[in-house]
Amino acid sequence: MQGQDAGRENDPRMHSVTDEELMLQVRDGAGETLGVLFDRYHAPLYNFYTKLTGDRTLSEDLVQEVFLRILRHRKTFRQGTPFRAWIYQIARNARIDHFRKTRPEVLFEPEMAPAVAPGDPAQQQQESELLHRALMELPEEKRELLVLCRFQELPYEEVARLVGCGVATVKVRIHRALIELRQVFHRLQAAPAGSAQRNARQNIPPRRLGHEV
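The shown structure was predicted, so the numbers you read here are calculated from the model rather than taken from an experiment.

Participant: What am I meant to see in the overall build of the chain here?
Facilitator: Counting its secondary structure elements, the chain contains 10 helices and 0 strands. Listing each helix as α and each strand as β along the chain from the N terminus yields α-α-α-α-α-α-α-α-α-α. Of all 213 residues assigned to the chain, the portion counted as buried reaches 43%. Taking the intrachain contacts of the chain between residues at least 6 apart in sequence as the baseline, contacts between residues at least 24 apart amount to 68%.

Next comes the structure, spelled out in structure tokens:
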């Protein structure tokens, strides 16, 4: 079976197949095509989780949980449903369910830092850490919007569907979140070393949003 999966994933013809077509195949019993979707979405989902949690091990576990849920709930996928929006709804719910059980403790790791402009390596590293800590201090809803729009680069229309509001509202919330992120970043720059990291640990478990998949 593993040889079959690898063969399908490496088949050049699969590159032209849309996510929606692949998911319909999974829904109809061709479970091996889930491997192609895994290859396409593993890195984006992992990045999504690390930007929100700062925990690489947890992020990998949550990615695995997403694909387990896809397999478990494959029959709920409907033709015409945008797959990316569908999988990110599953990803959001998987994270929320996890934090229902355990209060998160956010630890900074350099790999989790958002990219900053090239410059002096030491200064770049310091600014990356501060930017990540500033992101982790934002309220849950604002942090998630920034990660979805700025780091995952989802279109406003998809984010609006995910969070259940209009595109104009998403744009306004993103604008306000960026302003707050900038304010927190500058505050952390002026704060004594160590205090910012302690604050970043005080992360509130998210509320469940959207319908169950």
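Participant: Can you walk me through the side chain of Thr-50 in this structure?
Facilitator: Its location among the elements puts Thr-50 in helix H3 (residues 34–53). By relative accessible area, which is 2% here, Thr-50 ends up buried. Of note is the side chain of Thr-50, whose polar atom sits 3.1 Å from the backbone oxygen of Asn-47.

Participant: Please clarify how the packing of helix H5 (residues 83–101) against helix H8 (residues 156–163) should be interpreted in this entry.
Facilitator: Packed helix pairs are specified by the crossing angle of their axes together with the interaxial distance, meaning the distance between the axes. Running from N to C, H5 and H8 cross one another at 45°; their axes reach a closest spacing of 10 Å. In terms of orientation, H5 and H8 fall into the oblique class. The crossing of H5 and H8 is right-handed. Contacts from Arg-84, Ala-85, Tyr-88, Gln-89 and Arg-92 in H5 reach Glu-158, Leu-162 and Val-163 in H8. Taken together, the residues of the contact of H5 with H8 break down into 4 nonpolar, 1 polar and 3 charged.

Participant: What am I meant to see in the environment of Arg-27 here?
Facilitator: Mapped onto the elements of the fold, Arg-27 is located in helix H2 (residues 19–27). Considering only alpha carbons, one finds Arg-27 and Arg-74, 47 residues apart in sequence, at a separation of 4.8 Å. With near-sequence residues (within four places) excluded, Arg-27 lies in contact with Arg-74, Lys-75, Phe-77, Arg-78 and Gln-79.

Participant: Can you help me understand the side chain of Asp-19 in this one?
Facilitator: Secondary-structure assignment places Asp-19 in helix H2. Residue Asp-19 is classed as buried on the basis of its relative accessible area, which comes to 16%. Among the polar contacts listed, one links the side chain of Asp-19 to the side chain of Arg-40, at a separation of 2.6 Å. In terms of polar contacts, Asp-19 uses its side chain to reach the side chain of Tyr-41, at 2.5 Å.

Participant: Mind showing me how you'd approach the pattern of salt bridges here?
Facilitator: Two side chains of opposite charge can pair, provided their charged atoms sit close to one another. Summed over all chains, the structure comprises 11 salt bridges. Where Glu-140 meets Arg-95, a salt bridge forms, and the shortest distance between an N and an O atom there is 2.4 Å. Highlighted residues: Glu-140 in helix H7 (residues 140–151) and Arg-95 in helix H5, separated in sequence by 45 residues. When its relative accessible area of 14% is taken as the criterion, Glu-140 is described as buried. Taking the relative accessible area as the measure of exposure, Arg-95 reaches 1% and is therefore buried. With a shortest N-O distance of 3.5 Å, Glu-144 and Arg-95 are connected by a salt bridge. Here Glu-144 is found in helix H7, whereas its partner Arg-95 is found in helix H5, with 49 residues between them in sequence. Connected via shared salt-bridge partners are Arg-92, Arg-95, Glu-140, Arg-143 and Glu-144.

Participant: Explanation requested: the nonpolar core in the structure shown.
Facilitator: Among soluble globular proteins, nonpolar side chains are generally buried collectively. In this structure, Leu-45, Val-66, Phe-67, Ile-70, Phe-83 and Ile-87 are the most contacted members of the largest nonpolar core, which totals 50 residues. Only H2, H3, helix H4 (56–72), H5, helix H6 (121–137), H7, H8 and helix H9 (167–190) provide two or more residues apiece to this core. It is H3 that contributes the most residues to this core, 9 residues altogether. Once you skip the residues sitting within four places of it in the chain, Phe-83 turns out to touch Asp-19, Glu-20, Met-23, Leu-37, Tyr-41, Ile-70 and Phe-77.

Participant: Just to check I follow, could you spell out unusual backbone geometry for this structure?
Facilitator: Outside of glycine, negative phi angles account for most residues, and trans bonds account for most peptide bonds. A positive phi angle, close to 60°, is found at Glu-153, a residue other than glycine. Assessed through its relative accessible area of 60%, Glu-153 is described here as exposed.

What counts as what
- Residues numbered from 1 in each chain as written.
- Predicted model: local features only at pLDDT ≥ 70, side-chain atom pairs only at ≥ 80, totals over all residues.
- Heavy atoms only, no water.
- Helix = DSSP H or I, 4+ residues; strand = E, 2+ residues; numbered from the N terminus.
- Buried < 20%, exposed > 50% of the residue type's maximum accessible area, 1.4 Å probe, protein only.
- Contact = heavy atoms within 4.5 Å.
- Polar contact = N/O pair within 3.5 Å; in protein donor to acceptor, adjacent residues only side chain to side chain.
- Axes fitted to C-alpha atoms, helices over the stretch in contact; angles between N-to-C directions.
- Parallel < 35°, antiparallel > 145°, perpendicular 65-115°, else oblique.
- Left-handed = near helix turned anticlockwise from the far one by under 90°.
- Nonpolar A, V, L, I, M, F, W, Y, C, P; charged D, E, K, R; others polar.
- Salt bridge = Lys/Arg side-chain N within 4 Å of Asp/Glu carboxyl O.
- Core = buried A, V, L, I, M, F, W, Y, C linked by side-chain atoms within 4.5 Å.

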